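Architecture at a glance
Now for the letters of each chain:
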Amino acid sequence: MQEIQYGLILMAALVATGSPGPATLAIAGTSMNFGRRHGVVMALGILTGSFIWSFSAAFGMAALMYANVWLFDIFRYLGAAYLLYLAYKSFKSALSPKEFELQKTAILSLKSVYLRGLAIHLTNPKVILFFGALYSMGVPSTVGIDGLMSIILLVGLQSACLFIGYAMLFSYAPVRHFYFKMSRAFDTVFAFFFGVAGIKILMSKLSS
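Throughout what follows, the structure given in this document is the object of discussion. Model, not experiment: these values are computed from the prediction. Every chain is numbered on its own, with residues counted from 1 as its sequence reads. Two thresholds apply to this predicted model, a pLDDT of at least 70 for residue-level local features and 80 or more for giving and counting side-chain atom pairs, whereas whole-chain, interface and lining totals are computed over all residues. Working from all heavy atoms in the structure, the side-chain values ignore hydrogens and water.

1. With respect to the packing of aromatic side chains
Each Phe, Tyr or Trp ring, with Trp reduced to its six-membered ring, pairs with another whose centre is within 6.5 Å; inter-plane angles below 30 degrees give stacked pairs, above 60 give edge-to-face pairs, and intermediate values give tilted ones. According to the stated counting rule, one finds one aromatic pair in the structure shown. Taken together, a centroid distance of 6.1 Å and an interplanar angle of 10° make the contact between tyrosine 166 and phenylalanine 170 stacked. Of the two residues, tyrosine 166 and phenylalanine 170 both sit in helix H8 (residues 145-170), four residues apart, roughly one turn of that helix. Going along the chain from the N terminus, every DSSP run of H or I of four or more residues is numbered as a helix, and every run of E of two or more is numbered as a strand.

2. Notes on the packing of helix H2 (residues 22-34) against helix H3 (residues 36-58)
Following both chains from N to C, one finds H2 and H3 inclined at 160°, their axes separated by 7 Å at the closest point. In terms of their interaxial angle, H2 and H3 are classed as roughly antiparallel. At the point where H2 passes H3, the crossing takes the right-handed sense. Of the residues in H3, those touching H2 at Ala23, Ala26, Ile27, Thr30, Ser31 and Phe34 are Arg36, His38, Gly39, Met42, Ala43 and Ile46. Orientation is described by lines fitted to C-alpha atoms, with helices fitted over the stretch in contact, and by angles between N-to-C directions that extend from 0 to 180 degrees. The cut-offs work like this: below 35 degrees is roughly parallel, past 145 is roughly antiparallel, 65 to 115 is roughly perpendicular, and the gaps in between are oblique. Take the far helix as the reference: if the near one is turned anticlockwise from it by less than a right angle, the crossing is left-handed, and if turned clockwise, right-handed. In what follows, a contact means two residues having at least one pair of non-hydrogen atoms within 4.5 Å.

3. Here we look at the environment of isoleucine 199
Tracing the backbone through its elements, the reader meets isoleucine 199 in helix H10 (residues 183-203). Since its relative accessible area comes to 44%, isoleucine 199 is described here as partly exposed. In this structure, the C-alpha to C-alpha distance between isoleucine 199 and tyrosine 77, residues 122 residues apart in sequence, is 9.9 Å. Burial here depends on accessible area, computed with a 1.4 Å probe over protein chains only, as a share of the maximum for the residue type. Under 20% is buried, over 50% is exposed, and the range in between is partly exposed.

4. Concerning the side chain of serine 171
As for its placement among the helices and strands, serine 171 is situated in the loop between H8 and helix H9 (173-181). Two N or O atoms form a polar contact when they lie within 3.5 Å of each other; inside protein one atom must be a possible hydrogen donor and the other a possible acceptor, and for residues adjacent in sequence the pair counts only when both atoms belong to side chains. Engagement of the side chain of serine 171 in a polar contact is seen with the side chain of arginine 36, the distance being 3.2 Å. From its side chain, serine 171 meets the backbone oxygen of methionine 168 in a polar contact 2.9 Å long.

5. Re the nonpolar core
In summary, soluble globular proteins display a tendency toward joint burial of nonpolar side chains. The term nonpolar core refers to a set of buried residues drawn from Ala, Val, Leu, Ile, Met, Phe, Trp, Tyr and Cys, joined through side-chain atoms within 4.5 Å. Residues Ile27, Met42, Ile46, Phe163 and Phe194 are the most contacted members of the largest nonpolar core, which totals 21 residues. Secondary-structure elements contributing two or more residues to this core are H2, H3, helix H5 (69-94), helix H6 (110-122), H8 and H10. Counting residues per element, this core draws most heavily on H2, which supplies six residues. Apart from the residues within four sequence positions on either side, isoleucine 46 is in contact with Ala23, Ile27, Gly117, Leu118, His121 and Phe163. Residues Trp53, Val127, Ile128 and Phe131 belong to the second largest nonpolar core, which totals 10 residues.

6. Remarks on H6
An α-helical turn contains 3.6 residues, so any two residues separated by three or four positions project in the same direction. With 13 residues, H6 extends 18 Å from end C-alpha to end C-alpha; this agrees with the ideal 18 Å at 1.5 Å per step. Within the span of H6, buried status applies to Val113, Gly117, Leu118, Ile120 and His121. In an axial view of H6, the angular spread of the buried residues amounts to 155°, which keeps them on one side of the axis. To estimate the expected span of a helix, subtract one from its residue number and multiply by 1.5 Å. In this description, one arc is meant: the one made by directions from the helix axis to the C-beta atoms.

7. Quick word on the packing of helix H1 (residues 6-18) against H8
Two elements in contact, H1 and H8, have axes separated by 10 Å at closest approach and are oriented at 30°. Between H1 and H8, the angle is such that the two are roughly parallel. Along this stretch, H1 crosses H8, giving a crossing that reads as right-handed. Contacts between H1 and H8 involve Tyr6, Ile9, Leu10, Ala13, Leu14, Thr17 and Gly18 on the former and, on the latter, Gly147, Ser150, Ile151, Leu154, Val155, Gln158, Ser159, Leu162, Phe163 and Tyr166.

What follows is the structure in structure tokens.
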């Protein structure tokens, strides 16, 4: 009887969630702009999206996406549009002067930040494909519900440590002060990566 390859699954999830991307950039930017609380809430929104897709992939959502390309395309277009919107916001911020202090009257409420993080993950088709591949890579076809739930829990806990860790790191005062000194450069970088990610998703195909 084949066993679940927990090490392989967690290593793949670590590389995917820990590497720079829309989710980690959003957490970093929120923490540096608005502080630890907003950064953690952003991380929780993204983490909720991860749990939703992880649970869905474990119980066949990825197969449904492959069988219905039009459904995947809907998420692809929504994800691309949202990332391009974030690129526009970051570019606009890069052109605006900033005060070198933490914004005490944040424009975004905690609810808005949470929903923004959730939207980033729910509309990113690359996340769907990642979790689909994850569950086909180290999970035997004979695995039961208990095994699937254990994977969801372990991957979720690891993601929580990474996302919240990013939020805590980038809310640290020296990191934040450095960000404010280089804010326009960082916002330009955010705009570039969000834009590139959005265009790549827009131009990508299901087969990729």
